[in-house]
Amino acid sequence: MADRAELLLELKQTVSQCIEEAKAKLHTLSKDIWSCPELAYEESRSHDTLVAFFSQEEGWKVDSHFKLHTAFRATWGAGVSEQVNVGFLCEYDALPEIGHACGHNLIAEVGAAAALGLKAVLENTHGKLPVQVYVTVLGTPAEEDGGGKIDMLSEGAFEGLDVVFMAHPSKEDAMYLPCVAEHDVTIKYHGKASHASAYPWEGINALDAAVLCYNNLSVLRQQMKPDWRVHGIIKHGGVKPNIIPAYAELEYYLRTPSRAELHVLKAKAEMCFRSAAVATGCEFARNKYDNMLRNAVLEKLYETNGKALGMDFTTDEDVLKNESGSTDFGNVTFAVPGIHPYFYIGSNALNHTEEYTVAAGDDRAQFFTLRTAKALAMTALDVLLNPELLQRVKQEFTEAKLKEDRTLTGEHTELSDKH
Ligand SMILES: NCCCC[C@H](NC(=O)CCN)C(=O)O
């Protein structure tokens, strides 16, 4: 046991050193992505930058345009049977008008750095590990809109992975922040145009329907559970004041802490759409985001490694209980055990702001980004050197998934009976 502990410490020190030695090219990678923000499913340049990055590294097999046009896969390992397949994910989509305001360029850097560090160590263990290891990097586009990981899950991109890691820039270090289930919906109203002054009575005002829909959803909030969310915009409300709008369109996000509750909220919201007018179109998006299935074993390992590297994990109960965005990584956690910690980047700016865009491109973010990559790679080493630990990770995943699935069927039935 002491030998394993000594080996683990030695390998973790080597991982840190390898990532440090690669910091210049990793920074260039991140800055290249940051400087050319691309929207969901349109990340062609970022895809090419990451594919070139791994193609120039020795030993990686790179599949460009993997399952999705702007997704990729890079793999390293012997490809023998009985191996452990460790996955690292890279996100790289930006937000409309404000660029990388969620720091996805840093997510890509963390994934690449952790994979490089782990691979560098594994190349030199010469049989000291109890397992053969395969390292898989998946470039997963369109997290902010559409859910590229969900498309890739349905295409089998995550099959064979034993454990998966990524990390997300934030205003604090956290092993986990609440991630809720979410579904996009576009609501369309078709009316009839007419001159708004000369003969408005001849028109059918689609914008009126949109406004009523907006107000219906606003008053629905009184009957929503406090941790449900409904928020949206009127994307199209007419072209000129003197033309009765013949078309109006709204886009909304519906969110609940669990997959099961989302079903109930969607039903309530749909009644709001339809009661505003005879809604001529109500299209739920192709992909529904799941809540996150946590893994306490991996979170604890990550916390230990992060603290050893100087991370100061938040203990603010408000943040830990209420911070609730969504991510398509939630869907991944129902297929593969994994963690999606958050990391401080040297700024108190809030995600999805122009200030955060500046912070994500600032050199000051590099120290925190590389530290996170080291902690992820070290956490991977923890489970690779200790097969029993990996079994505990998988056991927890199986039990948590079973519990969620029971809730999904049970709560779904119970909630639908009530509404
Ligand atoms: N279908 C739209 C999902 C939006 C996902 C978005 N995610 C985040 O902000 C996490 C950080 N990228 C959200 O929660 O609004």
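Just so we're clear, the structure is a prediction, and the values are computed from it rather than from any experiment. (Residues numbered from 1 in each chain as written. Predicted model: local features only at pLDDT ≥ 70, side-chain atom pairs only at ≥ 80, totals over all residues. Heavy atoms only, no water.)

### Comments concerning the sheet that holds strand E11 (residues 338-339)
Short version of the rule: Pairs of strands are assigned from DSSP output, requiring at least two bridges between the strands. Put simply, DSSP H or I for four residues or longer makes a helix, DSSP E for two residues or longer makes a strand, and each gets a number counted from the N terminus. Residue contacts are defined here by distance: any two heavy atoms, one from each residue, within 4.5 Å place the two residues in contact. Think of each axis as a best-fit line through the C-alpha atoms, taken over the contacting stretch in the case of a helix, with angles from 0 to 180 degrees between the N-to-C directions.
Taken in spatial order, the six strands make up an open sheet running E1-E2-E4-E3-E5-E11, and their pairing is mixed. The sheet terminates laterally at strand E1 (61-63) and E11, the two strands that pair on one side only. In this structure, E1 lies alongside strand E2 (residues 72-77), joined through three bridges in antiparallel fashion. Along E2, the bridge assignment pairs lysine 61 with threonine 75. Taken strand by strand, helix H3 (residues 44-55) contacts E1, E2 and strand E4 (132-139), and its axis lies near 15 degrees from that of E2.

### Here's the deal with the site of the ligand
Filter applied, for reference: Proximity is defined per residue: any heavy atom of the residue falling within 4 Å of a molecule or strand makes that residue near it. The definition of a polar contact used here is a pair of N or O atoms within 3.5 Å, where within protein one atom must be able to donate a hydrogen and the other to accept one, and adjacent residues in sequence count solely through side-chain atom pairs. Every accessible area reported is derived by Shrake-Rupley at a probe size of 1.4 Å, with residue values counting cover from the shown protein chains alone. Here the term charged refers only to Asp, Glu, Lys and Arg, the term nonpolar to Ala, Val, Leu, Ile, Met, Phe, Trp, Tyr, Cys and Pro, and the term polar to all other amino acids, Gly among them. Here the limits of each domain have been adopted from an automatic or database domain assignment.
With respect to spatial proximity, 13 residues lie near the ligand, and among them Glu143, Glu144, Asp184, Arg255 and Ser326 are the closest. Histidine 168 places a side-chain nitrogen or oxygen 3.1 Å from a nitrogen atom of the ligand. Contacts to the ligand include aspartate 184, whose side-chain N or O atom sits 2.5 Å from a nitrogen atom. Burial of the ligand by the surrounding chains reaches 91%, relative to a free accessible area of 410 Å². When contributions to the shell around the ligand are tallied by element, the ones reaching two or more residues are strand E7 (181-190) and strand E9 (247-256). Residue composition of the shell around the ligand, grouped by class: three nonpolar, five polar and five charged. Summarising the domain contributions, the shell around the ligand has at least three residues from each of domain 1 (1-179 + 290-406) and domain 2 (183-286).

### What about empty space enclosed by the protein?
The criterion, for reference: Using a grid of 1 Å spacing that covers the protein atoms alone, one calls a set of points a cavity when a 1.4 Å probe fits there but cannot get out, and a pocket when the set is open and has protein on both sides within 12 Å along at least five of seven lines; lining residues are those with an atom within 4 Å of a point. Grid points are joined across faces, edges and corners, and a volume is the space filled by probe spheres set on the points.
If you walk through the whole model with that rule in mind, you get two cavities of 30 Å³ or more. Here the largest cavity is characterised by a volume of approximately 50 Å³. Here the second largest cavity defines a volume of roughly 30 Å³. Taken together, His27, Ser30, Lys31, Trp34, Asn105, Ala360, Gly361, Asp362 and Gln366 make up the lining of the second largest cavity.

### Some remarks on the environment of alanine 285
Here is the rule we go by: Only protein chains enter the calculation, and the probe is 1.4 Å; a residue is then buried if its accessible area is under 20% of its type maximum, exposed if over 50%, and partly exposed in between.
Tracing the backbone through its elements, the reader meets alanine 285 in strand E10 (residues 281-289). When its relative accessible area of 28% is taken as the criterion, alanine 285 is described as partly exposed. In the structure, alanine 285 is positioned 138 residues away from glycine 147 in sequence and 9.9 Å away in space, judged by C-alpha atoms. Sequence-distant contacts of alanine 285, defined by excluding residues within four places in its chain, comprise His183 and Asp184.

### Topic: the nonpolar core
As a reminder, the rule being used: Residues belong to a common nonpolar core when they are buried Ala, Val, Leu, Ile, Met, Phe, Trp, Tyr or Cys residues joined through side-chain atoms within 4.5 Å.
Residues Val86 and Phe88 are the most contacted members of the largest nonpolar core, which totals 69 residues. Here the element with the most residues in this core is helix H12 (residues 365-385); it accounts for twelve residues. For valine 86, the contacting residues outside a window of four places in its chain are Leu118, Val133, Tyr134, Val135, Thr136, Leu161, Val163, Phe165, Ala380 and Leu384. Counting residues in each nonpolar core, the second largest holds 24 residues, with Ala209, Leu220, Leu254 and Ala269 among its members.

### A closer look at the packing of helix H2 (residues 23-34) against H3
Stated formally: Should an angle fall under 35 degrees it is taken as roughly parallel, and over 145 as roughly antiparallel, whereas 65 to 115 is taken as roughly perpendicular and any remaining angle as oblique. Each crossing is labelled by how the near helix is turned from the far one, with a counterclockwise turn of less than a right angle marking it left-handed and a clockwise turn marking it right-handed.
Closest axis-to-axis distance for the H2/H3 pair is 9 Å, and the angle between their directions is 165 degrees. Between H2 and H3, the angle falls in the class roughly antiparallel. Our pair here, H2 against H3, has a crossing hand that is right-handed. Across the interface between the two elements, Lys25, Leu26, Leu29, Asp32 and Ile33 from H2 touch Arg45, Ser46, Thr49, Leu50 and Phe53 from H3. Residues that form the contact of H2 with H3 fall into these classes: five nonpolar, two polar and three charged.

### Some points on the packing of aromatic side chains
The following threshold applies: The rule is short: rings of Phe, Tyr and Trp, with Trp giving its six-membered ring, pair when the centres are within 6.5 Å, and they are stacked under 30 degrees, edge-to-face over 60, tilted in between. Here, a charge over a ring means that NZ of Lys or CZ of Arg falls within 6 Å of the ring centre while also lying within 35 degrees of the ring normal.
Using the criterion set out here, one finds nine aromatic pairs in the structure. With 6.0 Å between their ring centres and 35 degrees between their planes, phenylalanine 54 and phenylalanine 72 make a pair best called tilted. Here phenylalanine 54 is found in helix H3, whereas its partner phenylalanine 72 is found in strand E2, with 18 residues between them in sequence. Like phenylalanine 72, phenylalanine 54 is buried. Chaining the aromatic ring pairs together yields one cluster made of Phe53, Phe54, Trp60, Phe72 and Tyr92. Positioned above the aromatic ring of tryptophan 34 is the side chain of lysine 31, whose terminal nitrogen or guanidinium carbon lies 5.3 Å from the ring centre. We note arginine 294 situated over the ring of tyrosine 176; from NZ or CZ to the ring centre the distance is 3.8 Å.

### Overview of the domain arrangement of the protein chain
Filter applied, for reference: Put simply, buried area is the surface a 1.4 Å probe can reach on two separate parts but cannot reach once they are joined, added for both. Salt bridges are defined as contacts in which a side-chain nitrogen from Lys or Arg sits within 4 Å of a carboxyl oxygen from Asp or Glu.
According to the domain assignment, the protein chain consists of domain 1 (1-179 + 290-406) and domain 2 (183-286). Contact residues are listed per partner, giving eleven residues for domain 1 and seven residues for domain 2. Buried area between domain 1 and domain 2, both sides added, is near 680 Å², and the carbon and sulfur share of it is 25%. Here domain 1 is connected to domain 2 by three salt bridges. Of the charged contacts in the structure, one is a salt bridge between arginine 259 and aspartate 405, with a shortest N-O distance of 3.0 Å. Linking domain 1 with domain 2 are five residue pairs in polar contact (both at pLDDT 80 or more). A breakdown of the residues in the side of domain 1 that touches domain 2 according to their chemical character gives two nonpolar, three polar and six charged.

### Topic: the side chain of lysine 266
Rule in force here: When charges are counted, Lys and Arg contribute as positive and Asp and Glu as negative, whereas His and the chain ends are disregarded.
Examined against the element boundaries, lysine 266 turns out to sit in helix H7 (residues 259-276). Look at lysine 266: it is buried, it has no salt bridge, and the nearest opposite charge is glutamate 270 at 7.2 Å. Non-local contacts of lysine 266, meaning those with residues more than four positions away in its chain, are made with His183, Leu254, Phe284 and Lys288.

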